[in-house]
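Secondary and tertiary structure notes
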Amino acid sequence: MNQVAFPRNDASTLSDDGDTLSFCSTCAFSQACLAEGMDKRSLMDLHVLVEHVGPFHAGEHIFREGDPFEAIAAVRAGTVKTYVIDRDGHEHVLGFHLPGEVIGLNAIDGDHYPCNAIALDTVMLCRFSFPKIAVLATKLPGLQRQLFRLLSRDIGRAALLAGDWSADQRMAAFLIGLSRRLAARGFSPNRFQLTMARTDIANYLRLAPETVSRVLRRFQEEGLLHVERRELELTGRDALEALAAPILRV
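Residues numbered from 1 in each chain as written. Predicted model: local features only at pLDDT ≥ 70, side-chain atom pairs only at ≥ 80, totals over all residues. Heavy atoms only, no water.

Labelled according to an unreviewed UniProt entry, the protein chain appears under the name CRP-like protein Clp, originating from Agrilutibacter niabensis.

Here's what the structure looks like:
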């Protein structure tokens, strides 16, 4: 069966809610719940906490810095960018969140969201009341471990690009990291669309936009990838993996 190229925002994806027993295909917590021997019907306490919200269209904010923190949200479809604005009015991209990933985790320590979250394309979310899911997590060890795992993953990604890496290494790590995240959700690992602007990628990687364009062009000339506008295909994966290895460590 051929894997679908990301994004796949067709009607079936946007309306995906599993069935009586099964969770949504992109549910961030289904694995933890199933590990506890609980399907959707036997976990009504959790499902009641879930609110499906959206669609958010490109450019619409999901939350803004300073908004009261009451919930975390799992992305069902689309891509969400998180960012902050410094005192001088400059934007700093913190991350890009794909289907199955959670936004709002960095607000757990406070009462307000510490950043902005904006839709980059058509986004659907599952919103979880955090106070209630935190109480439930104390009763379900698997759910608690999943929350810790998600927190650890966010911290790890933020730290990866802090080193003195070359532009080639940063870009390769970004592409391979994105590929692995999409593959984990059933999308093609080698063919996908960059739903974020190159200026956003450059900001996130702490590179100049012209550097990002130059590196992508050179990668294409060297046969490592094929780019057509935002459509991208990894054609020299082994070489990209080798470049990314020092940053991704795996």
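**Quick notes on the overall build of the protein chain**
Where we set the bar: Helix and strand definitions here come from DSSP, where helices need a minimum of 4 consecutive H or I residues and strands a minimum of 2 consecutive E residues; each element is numbered from the N-terminal end. Burial classes follow relative accessibility: with a 1.4 Å probe on protein chains only, a residue under 20% of its type's maximum area counts as buried, one over 50% as exposed, and anything between as partly exposed. Contacts are assigned to residue pairs that have any heavy atoms within 4.5 Å of one another. Under the convention used here, a 1.4 Å probe and the Shrake-Rupley method define accessible areas, while residue burial counts only the protein chains that appear.
Helix and strand counts for the protein chain stand at nine helices and 12 strands. Taking all 250 residues of the protein chain together, the buried fraction comes to 46%. Taking the contacts inside the protein chain whose residues are at least 6 apart along the sequence as the reference set, 73% of them involve residues at least 24 apart. Summed over all atoms, the accessible surface of the protein chain reaches about 12600 Å², with 51% contributed by carbon and sulfur.

**Side note on the pattern of salt bridges**
In plain terms, the rule: In what follows, salt bridge is the name for a side-chain nitrogen of Lys or Arg lying within 4 Å of a carboxyl oxygen of Asp or Glu.
Inspection of the entire model under this criterion finds seven salt bridges. Note that Asp200 is salt-bridged to Lys81, the shortest N-O span being 3.2 Å. In this pair, Asp200 sits in helix H7 (residues 198-205) while Lys81 sits in strand S5 (residues 80-85), placing the two residues 119 residues apart along the sequence. Across this residue pair, the class does not change: Asp200 and Lys81 are buried.

**Overview of helix H4 (residues 130-139)**
Because the α-helix completes a turn every 3.6 residues, residues three or four places apart line up on one side. We count it as follows: The reported arc concerns the directions from the helix axis to the C-beta atoms and nothing else.
Along H4, the residues that are buried comprise Phe130, Ile133, Leu136 and Ala137. The arc enclosing the buried residues of H4, seen along the axis, measures out at 120°, which places them on a common side. Exposed residues lying more than 90 degrees from the buried face of H4 are Pro131, Lys132, Thr138 and Lys139.

**Topic: unusual backbone geometry**
Residue Gly54 is joined to Pro55 through a cis peptide bond whose omega torsion reads 10°. Along the chain, Pro55 turns up in strand S2 (residues 50-56). Here the phi dihedral of Arg206 falls at roughly 60°; this positive angle occurs in a residue that is not glycine. Tracing the backbone through its elements, the reader meets Arg206 in the loop between H7 and helix H8 (209-221). Its relative accessible area of 49% is what places Arg206 among the partly exposed residues. Although it is not a glycine, Arg229 adopts a positive phi angle of roughly 60°.

**Things to note about the environment of Ala73**
In this structure, Ala73 sits in strand S4 (residues 71-77). Separated by 29 residues in sequence, Ala73 and Val102 place their C-alpha atoms 5.5 Å apart. Beyond its immediate chain neighbours, meaning those up to four positions away, Ala73 contacts Glu101, Val102, Ile103, Leu125, Cys126 and Arg127.

**Points about the sheet that holds S5**
What counts, and what does not: Whether two strands pair depends on DSSP finding at least two bridges between them. Lines fitted to C-alpha atoms define the axes, with helix axes restricted to the stretch in contact, and inter-axis angles between N-to-C directions lie between 0 and 180 degrees.
Spatially, four strands are ordered S3-S8-S5-S6 in an open sheet, and the strand pairing comes out antiparallel. Edge positions in the sheet fall to strand S3 (61-63) and strand S6 (91-97), since each of these pairs with one other strand and no more. Within this sheet the neighbouring strands show an average axis-to-axis angle of 30°, counted without direction. The pairing of S3 with strand S8 (residues 116-119) spans two bridges and is antiparallel. Bridged to His61 within S8 is Ile118. Lying on the sheet, H7 is in contact with S5 and S6; it crosses S6 at an angle near 100°.

**Some words on the nonpolar core**
Note the threshold: Think of a nonpolar core as a cluster: buried Ala, Val, Leu, Ile, Met, Phe, Trp, Tyr and Cys residues, connected wherever their side-chain atoms sit within 4.5 Å.
Membership of the largest hydrophobic core comes to 35 residues, with the highest contact counts inside it found for Met171, Phe174, Leu175, Leu194, Leu205, Leu225 and Leu232. It is helix H6 (residues 167-184) that contributes the most residues to this core, eight residues altogether. Discounting chain neighbours no more than four positions away, the residues touching Phe174 are Phe96, Leu194, Met196, Ile201, Tyr204 and Leu205. Core analysis: the second largest hydrophobic core is formed by 32 residues, Ala73, Ile103, Cys115 and Ala137 among them.

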